[in-house]
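Observations on chain architecture
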There are 4 protein chains.
Amino acid sequence: MTQLESPIRHAVITPDISVTELIDQMSGCAFGAGRLAEAVDIYTAMLNERECTRFFGLAGAMVPAGMRNIISHLIREGHIDVLVTTGANMVHDVIEALGLHHYKGSDLVDDIELKHNQVNRIYDVFLPEEHFTDLEDFLQSTYSQLSDQTISIRELLTHIGSHLEDKDSILKSAYDANIPIYCPALQDSIIGLQAFLFKQNAKLVVDAFADMKEFMDICYNATRTGALMVGGGVPKNYILQSMLITPNDFDYAIQLTTDRPDPGGLSGATLEEAQSWGKVGERARSMTIYGDATITLPLLVAATISRIGEMR
Amino acid sequence: MTQLESPIRHAVITPDISVTELIDQMSGCAFGAGRLAEAVDIYTAMLNERECTRFFGLAGAMVPAGMRNIISHLIREGHIDVLVTTGANMVHDVIEALGLHHYKGSDLVDDIELKHNQVNRIYDVFLPEEHFTDLEDFLQSTYSQLSDQTISIRELLTHIGSHLEDKDSILKSAYDANIPIYCPALQDSIIGLQAFLFKQNAKLVVDAFADMKEFMDICYNATRTGALMVGGGVPKNYILQSMLITPNDFDYAIQLTTDRPDPGGLSGATLEEAQSWGKVGERARSMTIYGDATITLPLLVAATISRIGEMR
Amino acid sequence: MTQLESPIRHAVITPDISVTELIDQMSGCAFGAGRLAEAVDIYTAMLNERECTRFFGLAGAMVPAGMRNIISHLIREGHIDVLVTTGANMVHDVIEALGLHHYKGSDLVDDIELKHNQVNRIYDVFLPEEHFTDLEDFLQSTYSQLSDQTISIRELLTHIGSHLEDKDSILKSAYDANIPIYCPALQDSIIGLQAFLFKQNAKLVVDAFADMKEFMDICYNATRTGALMVGGGVPKNYILQSMLITPNDFDYAIQLTTDRPDPGGLSGATLEEAQSWGKVGERARSMTIYGDATITLPLLVAATISRIGEMR
Amino acid sequence: MTQLESPIRHAVITPDISVTELIDQMSGCAFGAGRLAEAVDIYTAMLNERECTRFFGLAGAMVPAGMRNIISHLIREGHIDVLVTTGANMVHDVIEALGLHHYKGSDLVDDIELKHNQVNRIYDVFLPEEHFTDLEDFLQSTYSQLSDQTISIRELLTHIGSHLEDKDSILKSAYDANIPIYCPALQDSIIGLQAFLFKQNAKLVVDAFADMKEFMDICYNATRTGALMVGGGVPKNYILQSMLITPNDFDYAIQLTTDRPDPGGLSGATLEEAQSWGKVGERARSMTIYGDATITLPLLVAATISRIGEMR
């Protein structure tokens, strides 16, 4: 523990340095820089291990912020085997897939004035309220093919993905790649609100627990497992809790978060704490990166895919 | 805006000061103290307004931390009309209701050693793994009465509450008081994992969208509305999004959170941002208190019930 | 470590509950509530131990926020033996002592408009720029008695305190009680800027290191020591580093902070880390409370002085 | 304000992407990514403007973490005209300059055991206590040439820098480049503790206010000004307060911080708040990046020097 073997190597920055070289420089540093470099090592090992089943947890408003293509490209490149996310990220993915945009805005604004202009705000992103009309038309049209069925949430999302054309869409990419998307709180989104409205006049039952069997089967059958979790919330917990009823535990775990452990919530819980539950393995390689994931996720992905040399 | 009318009054602390008197002292202060005092004013007005429908959002590990009785007493006193929470809080409520305990522990521990001792950790709370056996027996027994039905998540939680005896239980108190508990991501908890296991040999369909109609009816029919949200996550978003498809918006809104706006997620979003969406009204009284809710919730509740003079 | 001896006792809140009773309820809880209750135990023990020399570190904009009387009363009651603070807190203490006010404002404002109205903002506190004219007149008048001397920063602050009349002033209370105030970065304040302007036409030398001897003598001669630190910054480090060149270490240490350990700075460093340096003793009682000190300091002080039963 | 002109462009990550290209991708994104890209624009403009006087504020444990060469190279390249920092960063700069190392360690350790092994911890950096013996010998030897003088803190640091050989040293680089280093709280460091010990037997007066004239002259004479501030604390405030007594205000301002505005302290105060004081100009370009500066500083510097194409 107290061995003094690796001196801090101070980062040297040169013009035109690549992200991979920057991470190499950070690998001799401490604090967040050192942790990020270590996370790149872990993510590289995780993607390089062929038999590893890779889970990706996506919380936070990552799609409105511009992280959509990173996720969809990771899916298309085969780096995500299971995606667990929030309804909101899927809502915003569909909006973009319909050719509608989110806009760069500001957080220093008069929100009442925005409302009067029918602009919704997500921190410094602006979204015209009229986009929701197109979204709702699309969803109702899509749902109309589903009457008189009992399906799972995963099946509902696969169905939506099958109706999209946009190759950069997360839902479409997952559909094309046959990758399941789980979204335990789908009700908690406009996709859910529209499903409720559809159900007023149609018989559609979305069974909340229906997709847990296939999710658990994936976990149960996996030889080796790894999880990259962006934010906490339901996606993080849902991925980790899978190990409570299977004999496995995660061999790799990385979380990118702004939450700290001290308020006690699961979102900010350390990956060490997850070891006490048997969710993360005793010999797992794990790392937490504190900070805004719109900065740390692109860095992590850029350095990792450069190392494994294959993303296009 | 730039009028200088209210000088800062420096807080004076006296021995044996009551919480209400302390909040009065804080009302002349700025930063968190001033915001907390303002939140007490808002919560007092919200509880005093008879026609106001009061929503309570409960995220975070509040039950393991010791906040359970505060919630159940608020329900029993009639201060909560609708509770939206996480599966985890309900899991830990049932554990306590079965006479099992959470224990004071430490966050400075060896989690591998904890695991070997079959103790699960939630920050500085310890939970013996064997408690889950009793919990699972209880849940399976409770579920066994539900075969061959299609029910909503709210109905499932009401059913569980009806089987508990503990007056301090949130589920039992809600059952007794006929207060609905919504939990959109119930799958994301041991209650959900056990429902999945039960479904392996039984026909139970829990319709993910089934309880949205009654939830929306409550929102639609409310004359006046208020929300107190502890933490963010699904409970916060689910409460606020209800206003997107009703003509109403919240008249009162208070959030106790450790999340900041800058990472862009909904959990840390300001209540002003919610105004741009029409979730919180233009003339609403709203306040965000930053900090650990195990400190700020008891303070808020203690001062408010002292003012309205009725909690027992 | 993994003994399960103390079940979580869920807090029960009753109308008209006192702060001390609330802390008693929190003592059975976890997370921030449990930590706060433990800090009250430690602070009570620290104030009750007669031979204990009590250090108080005051960073952050605590005086503008309304915490001034709490500090000055602690001094007058004999609960602070050494105060280490920032220049800014002393600047705002003098402003109030001159009968000038800080005002409750808002953080949601147009700062350019504020500037045009000659109002300076400190988060949600407003300060009229004209107050600085009175402050500067007072300081120049006070400094004029100090020409041709070499004095220490502590002596300069004592001198300023001797010219104030306001019993609620921190500087005046410290002067009356013969309590030293150390402020290593006094240049970093308007008191410093005015000293610089005074020096343009006068010979006044304030020796940066002159008061370290008396400070170190206090540390060296102390039998037992305790530190309550509000915020980090220079006050925290200056208090703790004293133990690097004395054979002592702190027997009690409490910090109220919003900084976390992970960015690596001293402000957020744990008190355990301070043990590796020998600043905090191996058997010390120590506690960190995360959160806004305008909430946690009044709570801590109210409960502690109620227990020791003596503050007036 | 509510114009919707710039759609979010989702970041596309390719293998071997350079840091500059990554920042270009981030420039179409929101949240932290968008803010970082904007900060690169601002820092590029600030470094490209010939008549701009550039201030650099350095707080936090940036030298122990491995950021030393970035700072010293910025000085050598002419990108820093005035450095304001903490005593601790200078202490650790001297330790490295003496050929001694900081070591990569861990934050998950037993600090009592570390103490028994005479290893001091700075989050996940380990520092052998014996290094301080060499440091103290060096400082006492250096101070011995200064007896019977009254000098400023800046002069003391220049003197120390003149005795170092290491080109990567911040103190040495500043000495070679004739760049002043200001450190208002030098007492609050081991350099200060050793100066106090030296003074026990020697006449050395370090005038706390002596270097404010040259600092203010720089501010007063500057045509255009820019500030890059890493962390808050004394360096941030000292840089910004300079504008209170000069007719200027900052034309460029960037802060990299983990502090938020809501606790009210200066460290987390927004740059908009600084406009109300006239510290940052009405038409200034300014940006705050929230996050660990060991990640954001290398990114900011790498992209900026690539754009201006000159750092070696």
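See above for the structure.
The structure displayed is predicted, hence computed values, not measured ones.

**Considering the overall build of chain A**
- The number of helices and strands found in chain A is 13 helices and eleven strands.
- Its C-alpha atoms give chain A a radius of gyration of 20 Å, within 12% of the compact-globule value 20 Å for 312 residues.
- Considered along the principal axes of its C-alpha atoms, chain A spans approximately 70 × 50 × 40 Å.
- Taking all 312 residues of chain A together, 65% fall into the buried category.
- By sequence separation, contacts in chain A at least 24 residues apart represent 75% of the contacts at least 6 residues apart.

**Digging into the relation of the copies chain D and chain A**
- With an RMSD of 0.0 Å, the fit of chain D onto chain A corresponds to turning through 180° and sliding 0.0 Å along the axis. One copy is carried onto the other by what is essentially a two-fold rotation axis. Rotation axis and chain D: the residue whose C-alpha lies nearest the axis is D:Ser18, separated from it by 1.8 Å.
- Looking at the interface residues of chain D, 100% of them are also at the interface in chain A, so both copies use one shared face.

**Some details on the interface of chain D and chain A**
- Every contact between the two is made by 65 residues of chain D and, on the other side, 65 residues of chain A.
- For the side of chain D that touches chain A, the elements supplying multiple residues, two or more each, are α1 (19–26), α2 (31–48), α3 (68–76), β3 (103–104), α5 (111–116), β5 (125–128) and α13 (293–308) of chain D.
- In terms of residue class, the side of chain D that touches chain A is made up of 37 nonpolar, 19 polar and nine charged.

**Notes on the pairing of strand β10 (residues 250–257) of chain B**
Residues and elements named next belong to chain B.
- Most of β10 is tucked away: eight of the eight residues are buried.
- Between the parallel elements strand β9 (residues 224–230) and β10, the chain passes through helix α11 (residues 233–241) in a crossover that is right-handed.
- Both β10 and strand β11 (residues 280–290) contribute to a ladder of seven bridges, which runs parallel. Bridge pairing in β11 places Ala253 opposite Ser286.
- You can see the chain leave β10, run along helix α12 (residues 271–276) and come back into β11, and the turn it takes is right-handed.

**Here we look at helix α10 (residues 212–221) of chain B**
- Here α10(B) has its buried residues at B:Met212, B:Phe215 and B:Cys219. For α10(B), the angular spread of the buried residues around the axis is 65°, confining them to a single face. Relative to its buried face, α10(B) has exposed residues pointing more than 90 degrees away, namely B:Asp217 and B:Asn221.
- For α10(B), the secondary structure elements touched by its buried residues are α9 (190–199) of chain A together with β7 (181–182) of chain B.

**Re the sheet that holds strand β4 (residues 119–122) of chain C**
All names here are of chain C.
- Spatially, three strands are ordered β3-β5-β4 in an open sheet, and the strand pairing comes out antiparallel. Strands with a single pairing partner mark the edges of an open sheet, and in this sheet they are β3 (103–104) and β4.
- Judged from the four bridges that link them, β4 and strand β5 (residues 125–128) form a sheet pairing that is antiparallel. Counted as the bridge partner of Val119 is Pro128 from β5.

**Things to note about the interface of chain C and chain B**
- Chain C puts 65 residues into the contact, and the matching count from chain B is 65 residues.
- Where the side of chain C that touches chain B is concerned, the elements lending two or more residues are α1 (19–26), α2 (31–48), α3 (68–76), β3, α5 (111–116), β5 and α13 (293–308) of chain C.
- Ranked by residue count, the leading element in the side of chain C that touches chain B is α13(C), at seven residues.
- Residues belonging to the side of chain C that touches chain B are distributed by class as follows: 37 nonpolar, 19 polar and nine charged.

Parameters and conventions
Residues numbered from 1 in each chain as written. Chains lettered and ligands numbered in written order. Predicted model: local features only at pLDDT ≥ 70, side-chain atom pairs only at ≥ 80, totals over all residues. Helix = DSSP H or I, 4+ residues; strand = E, 2+ residues; numbered from the N terminus. Rg over C-alpha atoms; globule rule 2.2 N^0.38 Å. Buried ≥ 20, exposed ≤ 12 C-beta atoms within 10 Å, placed from the backbone. Contact = placed C-beta atoms within 7 Å. Least-squares fit on C-alpha atoms with pLDDT ≥ 70 in both. Nonpolar A, V, L, I, M, F, W, Y, C, P; charged D, E, K, R; others polar. Right-handed = clockwise from strand over helix to strand, strands pointing away. Pairing = 2+ DSSP bridges. Arc of directions from axis to C-beta.

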